[in-house]
Amino acid sequence: VLLMQNIAVYALLPLVFFAVIIAADELRDDRKVVSVMGHGILWTLGLSLPAAIVGALAVLGLEPQRIPPILQESRALEQPDLWRALTNTFGRNFFEGFIGAPQALVPIAVAGLVIGLTLRFDREITEPFRMVADSANRIFYRINSVLVDFLALPILAATMLLVLQTRTAVDVMLFGQ
């Protein structure tokens, strides 16, 4: 399972990086960056609030039973503050996101956005890089589509195995009572 996850991340991160570069550049050409970002924020906020209300009403309406306590010793998790979360996400420099763990998707997407938005300043200088980024985007898209076709059955099998293992776990059996 971990091998398949690493292969998927290995192919996904470059695709996200180059796709965001090209998308940001094309949106800037059309002068729609602010409009698209504004619509994205409005849709996110507009859908998050009703989802939270529906979730709260479902809990109040369905009145779920008490979850049985599982007595195990564990240490309390430390709540990170916003600054620590941002520094852990973005790292110390621009290139650290490219060698980071699978959670490096956000810094890579932000790096692609910054590069894509700055490609327009001098087309004569930036056009060769834009063409390379566009070609890389198309290549990694093709690689990802092949990987999805190739890994679909192994991922389905691994998911089924995980579900079966979870159903037989003792801790989960407590919730069925």
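In what follows, the accompanying structure is described. Predicted, not measured: the structure shown is a model, and the values here were computed from it.

Parameters and conventions
- Residues numbered from 1 in each chain as written.
- Predicted model: local features only at pLDDT ≥ 70, side-chain atom pairs only at ≥ 80, totals over all residues.
- Heavy atoms only, no water.
- Helix = DSSP H or I, 4+ residues; strand = E, 2+ residues; numbered from the N terminus.
- Buried < 20%, exposed > 50% of the residue type's maximum accessible area, 1.4 Å probe, protein only.
- Contact = heavy atoms within 4.5 Å.
- Phe/Tyr/Trp six-rings, centres within 6.5 Å; stacked < 30°, edge-to-face > 60°.
- Patch = residues over 30% accessible without salt bridge, like charges linked within 9 Å, V, L, I, M, F, W, Y side chains within 5 Å.
- Areas by Shrake-Rupley, 256 points an atom, 1.4 Å probe, with all protein chains shown as cover.
- Salt bridge = Lys/Arg side-chain N within 4 Å of Asp/Glu carboxyl O.
- Expected span 1.5 Å × (residues − 1).
- Polar contact = N/O pair within 3.5 Å; in protein donor to acceptor, adjacent residues only side chain to side chain.
- Core = buried A, V, L, I, M, F, W, Y, C linked by side-chain atoms within 4.5 Å.

### A word on the overall build of the protein
Here's step 1: A tally of regular secondary structure across the protein gives six helices and zero strands.
Here's step 2: Counting helices and strands in the order they occur from the N terminus, the protein gives α-α-α-α-α-α.
Here's step 3: Each of the 177 residues in the protein was classed as buried or not, and the buried ones make up 18%.
Here's step 4: If you take every contact in the protein between residues at least 6 apart in sequence, the share linking residues at least 24 apart comes to 76%.

### Structural notes on the packing of aromatic side chains
Here's step 1: Taken as a whole and judged by the stated rule, the model has two aromatic pairs.
Here's step 2: Aromatic side chains Phe17 and Phe18 sit 5.1 Å apart centroid to centroid with 70° between the ring planes, which places their arrangement in the edge-to-face category.
Here's step 3: Residue Phe18 is classed as buried on the basis of its relative accessible area, which comes to 16%.
Here's step 4: Here Phe18 and Phe140 contribute two aromatic rings whose centre-to-centre distance is 6.0 Å and whose plane-to-plane angle is 5°, an arrangement assigned as stacked. Pair noted here: Phe18 is in helix α1 (residues 2–29) and Phe140 is in helix α5 (residues 123–167), with a separation of 122 residues, a long-range link.
Here's step 5: Its relative accessible area of 21% is what places Phe140 among the partly exposed residues.
Here's step 6: Here a set of aromatic residues connected by ring pairs shows up, and it is made of Phe17, Phe18 and Phe140.

### Observations regarding a nonpolar patch on the surface
Here's step 1: A contiguous nonpolar surface patch, about 690 Å² in accessible area, is contributed by Leu82, Trp83, Leu86, Phe90, Val106, Val110 and Val114.
Here's step 2: Breaking the nonpolar patch down by element, the ones donating at least two residues are α3 (82–90) and α4 (105–118).
Here's step 3: Ranked by residues supplied to the nonpolar patch, first place goes to α3 with four residues.
Here's step 4: Take Trp83: it is sitting in helix α3.
Here's step 5: Note on Trp83: relative accessible area 63%, which makes it exposed.

### Some details on helix α2 (residues 33–62)
Counting along an α-helix, one turn takes 3.6 residues, and residues three or four places apart therefore face a common direction.
Here's step 1: Between its terminal C-alpha atoms α2 stretches 43 Å, which fits the 44 Å expected from 30 residues at 1.5 Å a residue.
Here's step 2: Glu63 lies just past α2 and shows a positive phi near 45°.

### With respect to the side chain of Asp25
Here's step 1: Within the element layout of this structure, Asp25 appears in helix α1.
Here's step 2: There is a polar contact of 2.6 Å between the side chain of Asp25 and the side chain of Arg130.

### Let's talk about the nonpolar core
What tends to happen in soluble globular proteins is that the nonpolar side chains get buried as a cluster.
Here's step 1: Within the largest apolar cluster, 13 residues are counted, with the highest numbers of intra-cluster contacts made by Phe17, Phe18, Ile21, Ile108 and Ala133.
Here's step 2: A per-element tally of this core places α1 first, with six residues.
Here's step 3: The residues contacting Phe18, other than those within four sequence positions of it, are Ala133, Ala136, Asn137 and Phe140.

### Things to note about the pattern of salt bridges
Here's step 1: A complete count under the given rule lists three salt bridges for this structure.
Here's step 2: Put simply, Arg130 and Glu26 hold a salt bridge, and the shortest N to O gap is 3.9 Å. A residue pair is termed long-range when its members are at least 10 positions apart, and Arg130 in helix α5 and Glu26 in helix α1 qualify at 104 residues.
Here's step 3: Given a relative accessible area of 16%, Arg130 falls into the buried group.
Here's step 4: Look at Glu26 and you get partly exposed, because its relative accessible area is 39%.
Here's step 5: Note that Asp134 and Arg138 form a salt bridge whose closest N and O atoms lie 3.3 Å from each other. Of this pair, Asp134 and Arg138 both sit in helix α5, four residues apart, which is roughly one turn of the helix.
Here's step 6: Taken together, the shared-partner salt bridges connect Asp25, Glu26 and Arg130 into one network.

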